[in-house]
Amino acid sequence: MKKIRSIQFKVFICLFISFMVVFGYVVKNKYDRSFNELVYNTDYTASDDYINFCNTIDSRGPHQVELDLEKIKKELGNLPKDDMTEICLLDAKGKLINQYGYNKKDRLLIASSSFVKSDDSNDYYNFEYYIDLSELSNKQYKLLKDTIKDVDEKGYDEINLCFEGQIEELQNFKETSQLIYNAKIRYFKVTPTFIHYNTDIFGKKQGNLISATLEAYVDDGDYHLSWHGEVVNDIKKVSTLKMNQLTKDAIDNHFSNIYVRLASFLDKDTITSKENRKMTNEIATSIKEGTLTYATFTKLLDDYSYQVLLMPLYKYQGYTEGQEHTPEAFIAVFYDFQSGGRNQLRNDLFKDNFPLLLGGFLFIVLFSYLISYMTTRRIKEIDRVAMEITNNNFEGVLDTKGHDELSSLSSHINTMSSNLKRNIDALNLEIDQVKKMEQLRKEFIAQFTHEIKTPLAIINGNIDLLENVDDEDKKAKYIEVINKEISVINDLVLQMLDLSKLEAKAITLDKKEIDLRELTEDIIDDYEQLLMDKKLKIEIQGEDVLIVGDRKRIEMVIQNYLSNAIKHAYINSTIKIKIKENEFSIENKGKQIDENRMDSIWESFVSDDQKGTGLGLAIVRNILELHEMSYGVHNLEDGVEFYFRWKK
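All values reported here derive from a predicted model rather than from experimental measurement.

Participant: Honestly, the overall build of the protein in this entry has me stumped. Any pointers?
Facilitator: A count of helices and strands for the protein gives 14 helices and 22 strands. Expressed as a percentage of its 648 residues, the buried residues of the protein come to 39%. Relative to all contacts within the protein whose residues are 6 or more apart in sequence, the contacts with residues 24 or more apart total 70%. Roughly 38300 Å² of accessible area belongs to the protein as shown, and the carbon and sulfur atoms make up 51% of that amount.

Written out as structure tokens, the structure reads:
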């Protein structure tokens, strides 16, 4: 049984591993889909205005053919700052010239006014104000931060930021900005003379107040959201220090450790991870060689991810056949910084799909166990029945339902079991028959010896007397006795020869039609003297019946039946012979046969008549079996009836 359990365990392990491989493949595909959604994400972001603006720097019409890096530096320097966007200007070798974004010195308030109508058009804009706090004293700055914190914690209603000062419009995205709620954004730099937020913070009010909603504040370069705390839409803000460090690492490595989203110079939109490793190295080389045309990347780390637009700037516009231009500089736009790296992907995968993953795992365990149990259960049953067969118990029967190999094996074992049982039973029967035949042989020899001993002794005695007598009458008498005993021995030997031939099936029957009544009447004539001696009558009942058989052998059967009836019939009684459509019987009134000897009287040398050889009924049995006829004997109320039957 230990081996069977071991098989069940092995089947379970094989099924479990197979299902887990498939399950792992499904989970990996789901992870890869989430990974690709992050890497190849092209949804609108807050940085799209910056990306669109940089895309237009070297494509402003056919009349501008000279690349003015100083003008580009100024334009980039006038861009409003964004908490999720860093813009870098690189030289032709990919080294940093200038970086535009928040830095460690920045202290700002960021406020907005929605749907403000422009003075020179009918367009509506969202105004974004960058209020410089560098003129505030440490005490005023602390008061501002404490007030912001207090307002955020207590959640006052209608607390607007009010300010006055010098306002300068920054580079805006009028031509390239995407519409948000039917309005574009205009950006302004504010040098304040007065700030009020729930309380007077800085300067003196002069009467030209601007009211706006406080969105965030920048403290030593770090961006802090007002009201919403540190988390918006489950995306944790990345500090300015971390953004600058990630940007610097990417530039120093020539972007060789980032994932390619789109590399137009390779004419591919999607790539495999293996191709990606090869392509990023090629991109790093192309930057150094000045052959990169345009590419967008995604930087994916364990805890962070961000995207990059890398755009080469050429001195001359256009393309001349056979002449490759070398870029004078690169603009790199780093955007969408967030804590959505590999760890976040894995956490989201398991967190969002935990019930599904747990259910799948439990299903695999239970299903593997069920299949292994169902399979090995039948193997255990086969093993049990096989063990019973080895112990000569053939009663067990296996279930053969189904059309699989185990059902076929069970069917074969059932067949083998039944064949073995039949063969063993036949062998035991044959052994019993051999034993019985051996016993009969011994009895036969003993009986034959006994049967032949008496006539031989009589012959021997009469021979001695014959030698010592001179009287002719006595000699004739002795010779008559000797001849009589020799005749007895001769009859015994002939009967034994007949029986041996019959048992060996060495006799060929000469089958013909026989009229049983006619044959019976002829036989009765031969026994007329015996019938007269015992004063017996014979009554034949039935009409003429024809059977097919060997006349000589059937005659021997009837003679044996009739002679036995005469021997055992009472004096002055009647012997009845009945001839029916398929039965012949002889009935006599006399001593009944012991019920325990009903079967044995058909064996050799079994007789109640001391003068008989005991071979007559044995010869009858073999003759009738050769004719495929049935036979038997049964006791009547005052006698015995012997019969034999044939098929109609």
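Participant: So what exactly am I meant to see when it comes to unusual backbone geometry here?
Facilitator: What you tend to see is this: most non-glycine residues have negative phi, and most peptide bonds are trans. Its identity as a non-glycine residue notwithstanding, K535 has a phi of 55°, on the positive side. Assignment of secondary structure puts K535 in the loop between α12 (528-533) and β17 (537-541). Assessed through its relative accessible area of 54%, K535 is described here as exposed. For E628, which is not glycine, the phi torsion reads 60° and is therefore positive. Following the sequence through the fold, E628 ends up in the loop between α14 (616-626) and β21 (630-635). Overall, E628 belongs to the exposed group, its relative accessible area being 60%.

Participant: What is the right way to look at the sheet that holds β17 in this model?
Facilitator: Hydrogen bonds between backbone atoms are what pair the strands of a sheet, whose relative direction is either parallel or antiparallel. Judged by pairing direction, the sheet is mixed, and its five strands sit side by side in the order β17-β19-β20-β22-β21 without closing on themselves. Only two strands of the sheet have a single partner each, and these edge strands are β17 and β21. Sheet twist, expressed as the mean angle between neighbouring strand axes with direction ignored, is 15°. Taken together, the seven bridges between strand β20 (residues 583-589) and strand β22 (residues 639-645) define a ladder with antiparallel strand orientation. Bridge assignment links N588 to a residue of β22, and that residue is V640. Sheet contacts for helix α13 (residues 551-568): β17, β19 (574-579), β20, β21 and β22; angle to β20, the most-contacted strand, approximately 15°.

Participant: Even after reading the chapter, I still don't get α13, so can you show me in this structure?
Facilitator: Residues separated by three or four positions in an α-helix point in the same direction, a consequence of the helix having 3.6 residues per turn. With 18 residues, α13 ought to run about 26 Å at 1.5 Å a step, and its terminal C-alpha atoms sit 26 Å apart, in line with that. Along α13, the positions that sit buried rather than exposed are R553, I554, M556, V557, I558, N560, Y561, L562, S563, N564, A565 and I566. Regarding α13, its N-cap is D550, as a side-chain oxygen of that residue lies 3.2 Å from the backbone nitrogen of K552 further along.

Participant: Looking at this model, I keep getting lost on the packing of aromatic side chains. Mind explaining?
Facilitator: Each pair of aromatic rings is reported with the distance of its centres and the angle of its planes. Counted under the stated rule, the structure contains 14 aromatic pairs. Geometrically, the ring pair formed by Y130 and Y187 is tilted, given 6.3 Å between the ring centres and 40° between the ring planes. Here Y130 is found in strand β4 (residues 124-132), whereas its partner Y187 is found in strand β6 (residues 184-196), with 57 residues between them in sequence. In this structure Y130 comes out as buried when scored by relative accessible area, which is 8%. Through a chain of ring-to-ring contacts, three or more aromatic side chains come together here, namely Y561, F584, W602, Y631, F642, F644 and W646.

Participant: Is there a simple way to explain helix α5 (residues 240-252) in this structure?
Facilitator: Here α5 is 13 residues long and its end C-alpha atoms lie 18 Å apart, about the 18 Å a rise of 1.5 Å per residue gives. Among the residues of α5, T240, M243, L246, T247, A250 and I251 are the ones counted as buried. An end-on view of α5 places all buried positions within 130° of arc, on one side of the element. Buried residues belonging to α5 abut β1 (85-91), β2 (96-100), β9 (222-225), β14 (305-314) and β15 (327-338). Looking one or two residues beyond α5, the residue adopting positive phi is H254, at roughly 55°.

Participant: Looking at this structure, I do not really get the pattern of salt bridges. What am I missing?
Facilitator: Side chains that carry opposite charge are capable of pairing whenever their charged atoms lie near each other. In total, this model carries 15 salt bridges according to the counting rule given. Measuring nitrogen to oxygen at the nearest pair gives 3.3 Å for the salt bridge that ties K578 to E587. Overlapping salt bridges bring together K580, E583 and R645 as one network.

Participant: I keep staring at the packing of helix α7 (residues 342-352) against helix α8 (residues 354-390) and nothing clicks. Help me out?
Facilitator: The axes of two packed helices give the description: the angle between them and the distance between them. Viewed as axis vectors pointing N to C, α7 and α8 meet at an angle of 70°, and their least axial separation amounts to 4 Å. The pairing of α7 with α8 is recorded here as roughly perpendicular in orientation. On α8, the residues touching L349, F350, K351 and D352 of α7 are F354, P355 and L357.

Participant: Explain the confidence of the model for the protein here, please?
Facilitator: Per-residue confidence for the protein gives a mean pLDDT of 78, with 80% of residues at or over 70. pLDDT under 50 marks residues 228-233. Its contacts with residues more than four places away, or in other chains, come to five contacts. Between residues 262-269, whose pLDDT stays under 50, and residues either more than four places distant or in other chains, the model counts 21 contacts.

Participant: Just checking my understanding: could you explain the environment of L531 for this structure?
Facilitator: Looking at where L531 falls in the secondary structure, it is placed in helix α12. Through-space distance from the C-alpha of L531 to that of K567 is 9.7 Å; in sequence the pair is 36 residues apart. Look past the residues within four positions of L531 in its chain and what remains in contact with it is I524, L536, I538 and I566.

Participant: How should I be thinking about the packing of α13 against α14 in this particular structure?
Facilitator: Closest axis-to-axis distance for the α13/α14 pair is 9 Å, and the angle between their directions is 145°. Once α13 is placed against α14, the crossing between them reads as left-handed. Residues R553, M556, V557, N560, Y561 and N564 of α13 form the contact with α14, whose participating residues are G616, L617, I619, V620, I623 and L624. Here the residues of the contact of α13 with α14 are counted per class, giving eight nonpolar, three polar and one charged.

Participant: What's the story with the nonpolar core in this structure? I'm lost.
Facilitator: For soluble globular proteins, nonpolar side chains are generally found buried alongside one another. With 40 residues, the main nonpolar core has Y561, F584, F642 and F644 as its most contacted residues. For this core, the elements supplying multiple residues, two or more each, are α11 (516-526), α13, β19, β20, α14 and β22. Of the residues forming this core, the biggest block, eight residues, is contributed by α13. If we ignore the near neighbours within four places in the chain, the residues touching Y561 are I586, W602, L617, V620, L624, Y631, G632, F642, Y643 and F644.

Reading the values: rules and limits
- Residues numbered from 1 in each chain as written.
- Predicted model: local features only at pLDDT ≥ 70, side-chain atom pairs only at ≥ 80, totals over all residues.
- Heavy atoms only, no water.
- Helix = DSSP H or I, 4+ residues; strand = E, 2+ residues; numbered from the N terminus.
- Buried < 20%, exposed > 50% of the residue type's maximum accessible area, 1.4 Å probe, protein only.
- Contact = heavy atoms within 4.5 Å.
- Areas by Shrake-Rupley, 256 points an atom, 1.4 Å probe, with all protein chains shown as cover.
- Pairing = 2+ DSSP bridges.
- Axes fitted to C-alpha atoms, helices over the stretch in contact; angles between N-to-C directions.
- Expected span 1.5 Å × (residues − 1).
- Polar contact = N/O pair within 3.5 Å; in protein donor to acceptor, adjacent residues only side chain to side chain.
- Phe/Tyr/Trp six-rings, centres within 6.5 Å; stacked < 30°, edge-to-face > 60°.
- Arc of directions from axis to C-beta.
- Salt bridge = Lys/Arg side-chain N within 4 Å of Asp/Glu carboxyl O.
- Parallel < 35°, antiparallel > 145°, perpendicular 65-115°, else oblique.
- pLDDT = per-residue confidence, 0-100.
- Left-handed = near helix turned anticlockwise from the far one by under 90°.
- Nonpolar A, V, L, I, M, F, W, Y, C, P; charged D, E, K, R; others polar.
- Core = buried A, V, L, I, M, F, W, Y, C linked by side-chain atoms within 4.5 Å.

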